[in-house]
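One letter stands for each residue in the lines below.
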Amino acid sequence: MTVQPPPITEAVVDESGLPSLAWTLFFNQNYAGDAGVAWTPEFEGLTKVGDPKVTGRYYRLSQYLCYFHIHVVPETNTSATAGTTYINNFPLDVTRNGFCIAVSGNLGGTPGMVEEVNNRIYVPAWTTVSVPLTIIGICEAR
């Protein structure tokens, strides 16, 4: 399928305040989007009680931009140390540093980072989390 470029010479909304036809068609062609690619992230420095189930998926948002999420379901609990705990097998080559954040239950954490130099995802700190935890992030990668 050929993807048409955005219609930058046309207004996003028409006189009635609704999306213009050109922009509606542009966004509709992108609706299916990237279904993502599954991978199993490998942690270094993750403290765990039991054997957590770790799954991940990354999505190509553009030629260079990538969004990812990692799901950690602890058997008992897990803990991470900022700057020490990282994921070492991100399947794409990171071309610019990015960020990530961990969320669990109703809580969010401080941001971590995706580092270009060594292609690692450094997760933020968390302590004895016993419920599923999700790490989401974005970076430039190819």
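Scroll up to find the structure.
Position numbers for residues count from 1 along each chain, tracking the sequence in the order it is written. For a predicted model such as this one, the threshold for reporting local features is a pLDDT of at least 70, and the threshold for listing and counting side-chain atom pairs is 80 or more; totals across whole chains, interfaces and linings nevertheless cover every residue. Side-chain metrics in this entry use all non-hydrogen atoms of the structure; hydrogen atoms and water are not considered.

Undergrad: Which residues make up the sheet that holds strand β6 (residues 77–80), and what values go with them?
TA: Pairing between two strands requires that DSSP report at least two bridges joining them. Counting from the N terminus, the helices are DSSP H or I runs at least four residues long and the strands are E runs at least two residues long. Judged by pairing direction, the sheet is antiparallel, and its three strands sit side by side in the order β3-β6-β12 without closing on themselves. In this open sheet, the two edge strands, each paired with only one partner strand, are β3 (47–49) and β12 (126–129). Across this sheet, the average inter-strand angle for adjacent strands is 10°, counted without regard to direction. Relative to β6, β3 runs antiparallel, the two sharing three bridges. By the bridge assignment, Val49 is partnered in β6 with Asn77. Only the contacting stretch of a helix is used when fitting its axis, a line to C-alpha atoms as for every element, and angles between N-to-C directions run 0 to 180 degrees.

Undergrad: How would you sum up the packing of aromatic side chains? Please name residues and give values.
TA: Any two rings among Phe, Tyr and Trp, with Trp reduced to its six-membered ring, count as a pair given centres within 6.5 Å; such a pair is stacked if its planes are under 30 degrees apart, edge-to-face if over 60, and tilted if neither. Scanning the model with the defined rule gives seven aromatic pairs in all. Relative to Phe90, the ring of Trp39 has its centre 5.5 Å away and its plane inclined at 70°; by these criteria the two rings are edge-to-face. With Trp39 in strand β1 (residues 37–39) and Phe90 in the loop between β7 (86–87) and β8 (94–104), this pair connects stretches of sequence that are 51 residues apart. Just as Trp39 is buried, Phe90 falls in that class too. Here a set of aromatic residues connected by ring pairs shows up, and it is made of Trp39, Tyr58, Phe68 and Phe90. Criterion for a charge above a ring: Lys NZ or Arg CZ within 6 Å of the ring centre, and within 35 degrees of the ring normal. One cation-aromatic arrangement involves Arg120 over Tyr86; the distance from NZ or CZ to the ring centre is 4.0 Å. Exposed residues in this analysis have more than 50% of their type's maximum accessible area, buried residues have under 20%, and partly exposed residues fall in between, with area computed by a 1.4 Å probe over protein chains only.

Undergrad: Go over the pairing of strand β13 (residues 133–141), please, and point to the residues and values.
TA: Working note: regular strand, side chains alternate between the two faces of the sheet. Here strand β5 (residues 65–73) pairs with β13 via eight bridges, running antiparallel. Counterpart to Ile70 in the pairing with β13 is Ile135. Looking at chain direction, β8 and β13 are connected through seven bridges and run antiparallel. Bridge pairing in β13 places Arg96 opposite Glu140.

Undergrad: Would you mind going over helix α1 (residues 21–29) in detail, with residue names and values included?
TA: For α1, the set of buried residues is Trp23, Phe26 and Gln29. Buried residues of α1, seen end-on, are gathered within an arc of 130° and therefore sit on one face of the element. Pointing more than 90 degrees away from the buried face of α1 are the exposed residues Leu21 and Leu25. Note that the arc is defined by the directions from the helix axis to the C-beta atoms.

In short, geometric facts, not functional conclusions.
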